[in-house]
Amino acid sequence: MEVPPMQKISIDAKECVRCGICVNVCPVNIISPGKELMDVPYIAEEAALFCSECGSCEVLCVKSCITPLFESKYANVDESNDPDIAGGQLAAYMVKRRSVRNYSNGKVGRETIESILDAVRFAPSGMNGQPVHWTIVHDTETVKKLTSLTIDWMREVQESEEQHPLKPFMPSLIAAYEAGGDPICRGAPHLAIAHAPQDNPMAYTDSIIALSWFELACPAFGLGACWAGFLNIAANSYQPIMDELDLPEGHVVQHAMMFGYPLYKIYKNPGRLAARISWK
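The shown structure was predicted, so the numbers you read here are calculated from the model rather than taken from an experiment. (Residues numbered from 1 in each chain as written. Predicted model: local features only at pLDDT ≥ 70, side-chain atom pairs only at ≥ 80, totals over all residues. Heavy atoms only, no water.)

Caption draft 1: Molecular detail of the side chain of His-255. With respect to the helices, strands and loops of the structure, His-255 is situated in strand β8 (residues 251–260). Every residue in contact with His-255, bar those within four places of it in the chain, is listed here: Ala-192, Ile-193, Ala-194, Tyr-204, Ile-208, Leu-211, Trp-227, Ala-228, Gly-229 and Asn-232. (Helix = DSSP H or I, 4+ residues; strand = E, 2+ residues; numbered from the N terminus. Contact = heavy atoms within 4.5 Å.)

Caption draft 2: Fine view of the pattern of salt bridges. Overall, the coordinates contain 7 salt bridges when judged by the stated rule. The residue Glu-53 makes a salt bridge to Lys-8 at a minimum N-O spacing of 2.7 Å. Of this pair, Glu-53 sits in the loop between α2 (45–48) and α3 (56–59) while Lys-8 sits in the segment before β1 (9–11), and the two are 45 residues apart along the sequence. Note on Glu-53: relative accessible area 28%, which makes it partly exposed. Judged by relative accessible area, Lys-8 falls into the buried class, the value being 13%. The shortest N-O distance in the salt bridge between Lys-145 and Glu-244 comes to 2.9 Å. With Lys-145 in helix α6 (residues 140–159) and Glu-244 in helix α10 (residues 239–245), the pair connects residues that are 99 residues apart, well separated along the chain. Among the residues examined, Lys-145 registers a relative accessible area of 43% and is labelled partly exposed. A residue is classified by how much of its surface remains accessible, and Glu-244, at 29% relative accessible area, is partly exposed. (Salt bridge = Lys/Arg side-chain N within 4 Å of Asp/Glu carboxyl O. Buried < 20%, exposed > 50% of the residue type's maximum accessible area, 1.4 Å probe, protein only.)

Caption draft 3: Quick peek at the packing of α6 against helix α7 (residues 170–178). Remark: α6 packs on α7, axes separated minimally by 10 Å, with the N-to-C direction vectors making an angle of 140°. Here α6 lies oblique to α7, going by the angle between them. Handedness of the crossing formed by α6 with α7: left-handed. Residues Thr-147, Ser-148, Ile-151, Trp-153, Met-154, Arg-155, Val-157 and Gln-158 of α6 form the contact with α7, whose own contacting residues are Met-170, Pro-171, Leu-173, Ile-174, Tyr-177 and Glu-178. Class assignment of the residues belonging to the contact of α6 with α7 gives a composition of 9 nonpolar, 3 polar and 2 charged. (Axes fitted to C-alpha atoms, helices over the stretch in contact; angles between N-to-C directions. Parallel < 35°, antiparallel > 145°, perpendicular 65-115°, else oblique. Left-handed = near helix turned anticlockwise from the far one by under 90°. Nonpolar A, V, L, I, M, F, W, Y, C, P; charged D, E, K, R; others polar.)

Caption draft 4: Molecular detail of the sheet that holds strand β7 (residues 224–227). Spatial ordering of the open sheet is given by β5-β6-β8-β7, a layout of 4 strands whose pairing is antiparallel. At either end of the open sheet lies a strand with only one pairing partner, and these are β5 (133–137) and β7. For this sheet the average axis-to-axis angle between neighbouring strands, irrespective of direction, equals 30°. Packed onto the sheet, helix α8 (residues 203–217) meets β5, β6 (190–197), β7 and β8 and runs at close to 10° relative to β8. (Pairing = 2+ DSSP bridges.)

Caption draft 5: A look at helix α5 (residues 110–120). Listed as buried for α5 are Ile-113, Ile-116, Leu-117, Asp-118 and Val-120. For α5, the secondary structure elements touched by its buried residues are β5, α8 and β8.

Caption draft 6: Examining the environment of Asn-76 more closely. Tracing the backbone through its elements, the reader meets Asn-76 in the loop between β4 (66–68) and α4 (87–95). The spacing of Asn-76 and Tyr-267 is 191 residues in sequence and 32 Å in space, taken between C-alpha atoms. Beyond its immediate sequence surroundings of up to four residues, Asn-76 is in contact with Asp-118 and Arg-121.

Caption draft 7: Quick peek at the nonpolar core. Formed by 31 residues in total, the largest nonpolar core has its most connected members in Met-154, Leu-191, Ile-193, Leu-231, Ile-241 and Leu-245. Contributions of two or more residues to this core are made by α6, α7, β6, α9 (229–235), α10 and β8. Broken down by element, the residue count for this core peaks at 7 residues, all from α6. Those residues within four positions of Leu-231 in sequence are excluded, and the remaining contacts are Leu-146, Thr-150, Ile-184, Cys-185, Leu-191, Ile-193, Ile-241 and Ala-256. (Core = buried A, V, L, I, M, F, W, Y, C linked by side-chain atoms within 4.5 Å.)

Caption draft 8: Summary view of the packing of α5 against α8. Following both chains from N to C, one finds α5 and α8 inclined at 130°, their axes separated by 9 Å at the closest point. The pairing of α5 with α8 is recorded here as oblique in orientation. The hand of the α5/α8 crossing is right-handed. Contacts from Ile-116, Leu-117, Ala-119 and Val-120 of α5 reach α8 at Ala-210, Trp-213, Phe-214 and Ala-217. Class assignment of the residues belonging to the contact of α5 with α8 gives a composition of 8 nonpolar, no polar and no charged.

Caption draft 9: Structural context of the environment of Ala-192. You can see Ala-192 is positioned in strand β6. Once the C-alpha coordinates of Ala-192 and Ala-228 are considered, the two residues, 36 residues apart in sequence, prove to be 9.3 Å apart. Not counting residues up to four positions away in its chain, the partners in contact with Ala-192 are Trp-134, Thr-135, Ile-136, Leu-211, Phe-214, His-255, Ala-256, Met-257 and Phe-259.

Caption draft 10: Representation of α7 in the model. Within the sequence span of α7, burial applies to Met-170, Leu-173 and Ile-174. Projected onto a plane normal to the axis of α7, the buried residues spread over an arc of 100° and lie on a single side. Where the residues of α7 are buried, they touch α6 and α9. Residue Gly-180 follows α7 closely and has a positive phi angle near 105°. (Arc of directions from axis to C-beta.)

Written out as structure tokens, the structure reads:
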């Protein structure tokens, strides 16, 4: 049931110490201090319409006396574990991320994928809009079909007068596929499709952020991933792929990612350019 706007949060007046932190951290500045010194902070009815339901007031409350009244689901994690890790450990993990283009035949269990997505749903989104929806292509044969359809799209572009920026690369990709290779999904057993309403101006950026989190999380679960750029482009212009994905009405593919168990082990990190920084 939808909560009336004036009831976005509940503050326990007995526990509240009137520290004012919730007033200061609200990103849309709708939490007001009480009119008198010892009054409890509140959200005016007309201001509650602008609440983004981000939870900043809740998580930064020193007495944990703020309760959200809107629909919400908490992370499925063991809160007894301290999640903080040293900066050096995080940096070492991040630089080991690789785009994986060779996969074993092993299938990833649905519970593992759901565990990753349970964390990924906390990725930032504009005004906490959380527009990203997921279609997980778990069936390997369906992945192969989407690869074939992408090649069909390339063949049509090749035969047309369309001036597509990928057109110079298409003959070699088609030839590789016809020779038995998979230049589209690289033999990955699964695909993660991020989709969202077409009319949401923030959906593409929010989806890229969410997929970046997905890719970064994969190695912690023994998985590897790679951006499926060719499939993504085809999925937004080729009706047979749209029909196969069967997204909700009004939704479009924002981007796609292949993933699975890596075929090879990574032994070292390659070099990269030094960070290009301008200090002001």
